[in-house]
Amino acid sequence: MNIIKENKLVVFGAGKIGRSFIGQLFSKGGYEVVFVDMNKFIVDKLNEKHSYKIVIKAEDEETILIENVKGVYSEDEELVVNEVASAGIAAISVGSQTIEKTIPMIAKGLLKRFEEFGETPLNIILAENMRDAADFFYGKIKHLLPYDYPIDQLLGLVETSIGKMVPVMRASDLLEDPLQVFAEPYNTLILDAKGFKNYIPDIEGLAPKQNIKAWVDRKLFIHNLGHVAVAYLGYMYDPDVVYLYEVLENKQIRKKVRETMQQAAEIVLAKYPGEFTRESLTEHIDDLLGRFTNRFLGDTIYRVGCDLPRKLGSHDRLSGAIKLAIELKLPYDKILHVLVCGAFFRANDENGGKLPQDIHFEKKFNEIIGLAFQQDIESLTFYNLTNRNIHCSVKEDK
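Given the structure is predicted, the values throughout are model-derived calculations rather than measurements. (Residues numbered from 1 in each chain as written. Predicted model: local features only at pLDDT ≥ 70, side-chain atom pairs only at ≥ 80, totals over all residues. Heavy atoms only, no water.)

Student: Honestly, the packing of aromatic side chains in this entry has me stumped. Any pointers?
Tutor: The geometry of an aromatic ring pair is captured by two quantities: the separation of the ring centres and the angle between the planes. Throughout the structure, instances matching the rule amount to nine aromatic pairs. Aromatic pair W215 and F276: ring centres 5.0 Å apart, planes at 70 degrees, arrangement edge-to-face. In this pair, W215 sits in helix α8 (residues 212–237) while F276 sits in the loop between α10 (251–271) and α11 (278–292), placing the two residues 61 residues apart along the sequence. According to the relative accessible area criterion, W215 is buried, its value standing at 12%. Given the relative accessible area of 4%, F276 is considered buried. Considering the side-chain rings of F361 and F365, the 6.1 Å spacing of their centres and the 20 degrees angle between planes classify their relative orientation as stacked. A residue pair is termed a helical-turn pair when its members lie 3 or 4 positions apart in one helix, as F361 and F365 do in helix α16 (residues 356–376) at four residues. Comparing F361 with F365 shows no difference in burial state: the two are buried. Put simply, the rings of Y232, Y235 and F345 touch in pairs and so form one group of aromatic residues. Above the face of the F182 ring, K57 is positioned so that its terminal group lies 4.3 Å from the ring centre. (Phe/Tyr/Trp six-rings, centres within 6.5 Å; stacked < 30°, edge-to-face > 60°. Helix = DSSP H or I, 4+ residues; strand = E, 2+ residues; numbered from the N terminus. Buried < 20%, exposed > 50% of the residue type's maximum accessible area, 1.4 Å probe, protein only. Lys NZ or Arg CZ within 6 Å of the ring centre and 35° of its normal.)

Student: Where do I start with the pairing of strand β1 (residues 5–12) in this structure?
Tutor: Each regular strand displays side chains that alternate between the two surfaces of the sheet. With five bridges connecting them, β1 and strand β6 (residues 87–92) associate as parallel partners. When the sheet's bridge partners are listed, K5 is paired in β6 with A87. Two strands pair when backbone bridges link them, and β1 and strand β2 (residues 32–37) are joined in this way by five bridges, in the parallel orientation. Bridge pairing in β2 places V10 opposite V34. In this fold, β1 hands off to helix α1 (residues 16–28), which returns the chain to β2; that crossover is right-handed. (Pairing = 2+ DSSP bridges. Right-handed = clockwise from strand over helix to strand, strands pointing away.)

Student: Before we go on, may I ask you to explain the confidence of the model for the chain in this structure?
Tutor: Any region with low pLDDT has predicted coordinates that should not be read closely. Averaged over all residues, the pLDDT of the chain is 91; the fraction at 70 or higher stands at 92%. Counted against residues more than four places away or in other chains, residues 377–398, with its pLDDT under 50, gives 36 contacts. (pLDDT = per-residue confidence, 0-100. Contact = heavy atoms within 4.5 Å.)

Student: Would you explain the nonpolar core in this entry?
Tutor: As a rule of thumb, soluble globular proteins bury nonpolar side chains together. Residues Y232, V257, I301 and L318 are the most contacted members of the largest nonpolar core, which totals 62 residues. Those elements giving two or more residues to this core turn out to be α8, α9 (244–248), α10, α11, α12 (301–305), α14 (317–328), α15 (333–343) and α16. Residue contributions to this core peak at 16 residues, all from α8. In this structure V257 touches G226, A229, V230, L233, L248 and L289, once residues within four positions along its chain are discounted. V11, L25, L46 and V69 belong to the second largest nonpolar core, which has 34 residues in total. (Core = buried A, V, L, I, M, F, W, Y, C linked by side-chain atoms within 4.5 Å.)

Student: Would you mind showing me how to read the sheet that holds strand β3 (residues 51–56) here?
Tutor: Adjacent strands of a sheet pair through backbone hydrogen bonds, lying either parallel or antiparallel. Sheet architecture is open: three strands sit in the order β4-β3-β9, paired in mixed fashion. Of all the strands in the sheet, just β4 (62–67) and β9 (181–183) have a single pairing partner and so form its edges. The average undirected angle you get between the axes of adjacent strands in this sheet is 30 degrees. The pairing of β3 with β9 spans three bridges and is classified as parallel. (Axes fitted to C-alpha atoms, helices over the stretch in contact; angles between N-to-C directions.)

Student: Teacher, can you tell me more about the pattern of salt bridges here?
Tutor: Opposite charge on two side chains allows them to pair when their charged atoms are near. Taken as a whole and judged by the stated rule, the model has 26 salt bridges. Here K57 ties to E61 by a salt bridge, and the two come within 3.1 Å at their closest N and O atoms. For K57, a relative accessible area of 14% corresponds to the buried category. Its salt-bridge partner being E266, residue R278 comes within 2.7 Å of it at the nearest N-O pair. Residue R278 is found in helix α11, and its partner E266 is found in helix α10; the two are separated by 12 residues along the sequence. (Salt bridge = Lys/Arg side-chain N within 4 Å of Asp/Glu carboxyl O.)

Student: Whenever I open this one, the sheet that holds strand β10 (residues 189–192) confuses me. Can you help?
Tutor: Strand order in the open sheet formed by eight strands is β5-β2-β1-β6-β7-β8-β10-β11, and the pairing between neighbours is mixed. In the strand order of this sheet, the two ends are held by β5 (69–73) and β11 (206–209), each with one partner. Averaged over all pairs of adjacent strands, the angle between their axes in this sheet comes to 25 degrees, without regard to strand direction. Where β6 and strand β7 (residues 122–126) come together, three bridges link them in parallel fashion. Bridge assignment links A91 to a residue of β7, and that residue is I125. Contacts from α1 reach β1, β2, β6, β7, β10 and β11 within the one sheet, and its direction differs from that of β2 by about 155 degrees. Packed onto the sheet, helix α4 (residues 99–117) meets β1, β6, β7 and β8 (155–161) and runs at close to 170 degrees relative to β6.

Student: Mind showing me how you'd approach the packing of α10 against α11 here?
Tutor: Geometry of a packed helix pair, given as the angle between the helix axes and the separation of the axes. For the pair α10 and α11, interaxial distance at closest approach is 10 Å and the crossing angle is 145 degrees. Seen from above, α10 lies across α11 with right-handed handedness. In this structure, α10 contributes R254, V257, R258, M261, Q262, A265, E266, V268 and L269 to the contact, and α11 contributes R278, L281, T282, I285, D286, L288, L289, G290 and F292. The residue inventory of the contact of α10 with α11, partitioned by class, reads 10 nonpolar, three polar and five charged. (Left-handed = near helix turned anticlockwise from the far one by under 90°. Nonpolar A, V, L, I, M, F, W, Y, C, P; charged D, E, K, R; others polar.)

The structure is reproduced here in structure tokens:
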């Protein structure tokens, strides 16, 4: 028979954030960490080693050994359900395209937990870069549970603001050790204090906030926005540039990135005047720019800028900020500048490849406006291309 293990964390997703961030915090906090993943090779390696290494990339490099871990293959339904039913806490870090696939298994785990242990709440940390992640998850899982299941009493959905930067691992690094993961030193997990149904774990690095939506928007519209600003402006200036720190060594581009982030900060400040101050957001911007220039992390403009359909999407970091600026009647020209540069972003990975969705985006982009650019580039409202530099201007409303 199962027993609830209060010091057990079940994490859906043994990827970069799952291992380098969530797994690290809870393992160091005395928890057993169980990773549920669809990559059987990684699961088998976790069960072979029961540990993995995190290499902290900074001037003083540090290697951290994470122990007391194991893996469960996501296709092994009975094992996954039992792990969820007996967990002290759970987390999801699988990405927006996979999260829906995890929900049915979690629903079965909640039902088994209810059958065996009665009204024992389970908190789930939603370690995803999603706005309104709790509402999304709640809407999906509610329909998979019986009408009389007391979901509002037994399920805590804890939104987060994931600020940790983890670069793409090179093939040679993964060949050396497929379980190791590189990460920056930053290790603070901002999460929703109101999302917990019982106590908040006493774990170093957890930073509960009362207004999580403000902090999620700060992450999306300043951190994520600033990140792609470096990638898109950097690529437009020099398509051969590889690393973020190389872009920011150019003082002119660094100035443009900072001004864009400051424009976004004014939007966030206007939206949440009681949560932030201009001074605190300026300090945050300067801290981020320092982290973006961490050459030891080896973060590439490809990693930061790729997945164009999502990052240029209507509710994401750039378009979402512009919509909010329009709502608040605030300037957004610098953000629009970055959005336009993003449409021309064509960086490749280390093997010269691209994500399938980016190949499709480029094809559709060329079909829609490529011919217009060739025929009469000056006629386009927002574009004026000169020596690979884009200058944007927004016509004033008449």
